[in-house]
Amino acid sequence: AGGDPQLVNPLSPVDLVVDHSIIVDVARVDNALKRNEEIEFTRNRERFLFLKWAQQAYKNMLIVPPGSGIIHQVNCEYLSRVVMEDQTGIVYPDGCV
């Protein structure tokens with residue numbers, strides 16, 4: 001069975017932006033984008049359930065789901081913290097890998 005997720009908890013904050021893997025199944029109708037996203041979430045249900053579990057199981061982890069915006073825009077406008085502070089009060093610059 002599983003172990004204690006805190007044994008591998010990230011020491012520094014981690015942001016994981018999950019991009020789309022949409023396959024065009026529906027086209028030429030008004031709700032094509034919505035239907036294709038629904039199909040994507042159905043196809044990848046197990047993956048998304050695991051990511052949802054990981055976000056609540058680990059401290060210092062934020063998962064941004066598909067559909068939250070263009071990945072570069074998400075990083076600049078949503079995730080940037082500029083300056084970080086660890087548990088001991090030491091501050092350091094934010095970085096993007």
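Located above this text is the structure these notes cover.
Rules used throughout
- Residues numbered from 1 in each chain as written.
- Predicted model: local features only at pLDDT ≥ 70, side-chain atom pairs only at ≥ 80, totals over all residues.
- Heavy atoms only, no water.
- Helix = DSSP H or I, 4+ residues; strand = E, 2+ residues; numbered from the N terminus.
- Expected span 1.5 Å × (residues − 1).
- Buried < 20%, exposed > 50% of the residue type's maximum accessible area, 1.4 Å probe, protein only.
- Contact = heavy atoms within 4.5 Å.
- Salt bridge = Lys/Arg side-chain N within 4 Å of Asp/Glu carboxyl O.
- Core = buried A, V, L, I, M, F, W, Y, C linked by side-chain atoms within 4.5 Å.
- 1 Å grid on protein atoms, 1.4 Å probe; cavity = no way out; pocket = protein on both sides within 12 Å on 5 of 7 lines; lining within 4 Å.
- Points joined across faces, edges and corners; volume = space filled by probe spheres on them.
- Nonpolar A, V, L, I, M, F, W, Y, C, P; charged D, E, K, R; others polar.

Undergrad: How do you make sense of helix α2 (residues 45-57) when you look at a structure like this?
TA: Since the α-helix turns once every 3.6 residues, residues separated by three or four places project in the same direction. A rise of 1.5 Å per residue sets the reference length of α2, with its 13 residues, at 18 Å; its end C-alpha atoms lie 18 Å apart and thus fit the reference within 8%. Buried within α2 we find F48, L51, A54 and A57. Against β1 (14-17), α1 (32-43) and β2 (61-64) lie the buried residues of α2.

Undergrad: I'm lost on the pattern of salt bridges in this one. Help?
TA: Two side chains carrying opposite charge are able to pair once their charged atoms lie near each other. Here the structure, examined in full by the defined rule, presents three salt bridges. Across the pair R43 and D25 runs a salt bridge whose closest N-O atoms are separated by 2.9 Å. Here the residue R43 occupies a position in helix α1, and D25 occupies one in the loop between β1 and α1, the gap between them amounting to 18 residues. A relative accessible area of 40% means that D25 is categorised as partly exposed. For E38, the salt bridge goes to K34, with nearest N and O atoms at 2.9 Å.

Undergrad: What's the story with the nonpolar core in this structure? I'm lost.
TA: Generally speaking, a soluble globular protein has its nonpolar side chains buried in company with each other. Core analysis: the largest hydrophobic core is formed by six residues, namely V18, F48, L51, A54, Y58 and I63. It is α2 that provides the largest number of residues to this core, a total of three residues.

Undergrad: What is the right way to read empty space enclosed by the protein from this model?
TA: Rolled over the atoms, a probe with the dimensions of a water molecule shows which regions are left empty. In this structure the tally under the stated criterion is one cavity of 30 Å³ or more. Of the voids in this model, the largest cavity is the one considered here, and its volume is about 50 Å³. If you go around the largest cavity, the residues you meet are V17, V18, D19, H20, V64, P65, P66, G67, S68, G69 and I71. When grouped by side-chain class, the residues that make up the lining of the largest cavity number six nonpolar, four polar and one charged.

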